[in-house]
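Listed below, chain by chain, are the residues.
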Amino acid sequence: KPQIQIELPAGLEPIYANFALVVHSPSEVIIDFARVMPNVPHGRVQTRVLMTPINAKLFLRALTENLARFEAQYGEITIPSGLADQLFRGGGKDGA
């Protein structure tokens, strides 16, 4: 199976994000990556990524496999109680 060659542009600046908001429509998955600071009640979206549902599922698979290899090498990643709910809850008015 031929591999796809991906070019990484010189000078490409990495974007740090510690918050993600994921929404979807029937035809796309939208992930807004943001940066939030401790004790500040708002954040700023740094970048928005749109994918087809198939590509989002393939991305999830690749991320899951990569995190499994990371944990095998460095140990389990533990998530503090309530952190996932705080950072990744839905955007509705009731937080769901």
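First, a word on scope: everything that follows refers to the structure included in this document. (Residues numbered from 1 in each chain as written. Predicted model: local features only at pLDDT ≥ 70, side-chain atom pairs only at ≥ 80, totals over all residues. Heavy atoms only, no water.)

What the chain contains, in helices and strands, is 2 helices and 3 strands. Moving toward the C terminus, one meets the helices and strands of the chain in the order β-β-β-α-α. Taking all 96 residues of the chain together, the buried fraction comes to 9%. Here the analysis covers contacts within the chain between residues at least 6 apart in sequence; of these, 24% occur between residues at least 24 apart. Carbon and sulfur atoms make up 59% of the accessible area of the chain, which totals about 8700 Å². (Helix = DSSP H or I, 4+ residues; strand = E, 2+ residues; numbered from the N terminus. Buried < 20%, exposed > 50% of the residue type's maximum accessible area, 1.4 Å probe, protein only. Contact = heavy atoms within 4.5 Å. Areas by Shrake-Rupley, 256 points an atom, 1.4 Å probe, with all protein chains shown as cover.)

The subject of this paragraph is the sheet that holds strand β3 (residues 43–51). The strand order across the open sheet built from 3 strands is β1-β2-β3, with neighbouring strands paired in antiparallel fashion. Because the sheet does not close on itself, it has two edges, and the strands there are β1 (19–24) and β3. Within this sheet the neighbouring strands show an average axis-to-axis angle of 20°, counted without direction. When strand β2 (residues 29–36) meets β3, the two strands line up antiparallel, connected through 8 bridges. Within β3, the residue paired with V36 across the bridge is G43. With respect to the sheet, helix α1 (residues 53–74) is in contact with β2 and β3, its orientation differing from that of β3 by roughly 110°. (Pairing = 2+ DSSP bridges. Axes fitted to C-alpha atoms, helices over the stretch in contact; angles between N-to-C directions.)

The next point concerns the pattern of salt bridges. Here the structure, examined in full by the defined rule, presents 1 salt bridge. Across the salt bridge formed by D32 and R48, the nearest N and O atoms sit 2.6 Å from each other. Within this pair, whereas D32 is found in strand β2, its partner R48 is found in strand β3, the two being separated by 16 residues in sequence. The exposure class of D32 is buried, given its relative accessible area of 9%. Given a relative accessible area of 54%, R48 falls into the exposed group. (Salt bridge = Lys/Arg side-chain N within 4 Å of Asp/Glu carboxyl O.)

What follows is about the pairing of β1. Across 6 bridges, the pairing between β1 and β2 is antiparallel. Within β2, the position partnered with F19 by the bridge is A34. In sequence, β1 turns back onto β2 through a hairpin of 4 residues.

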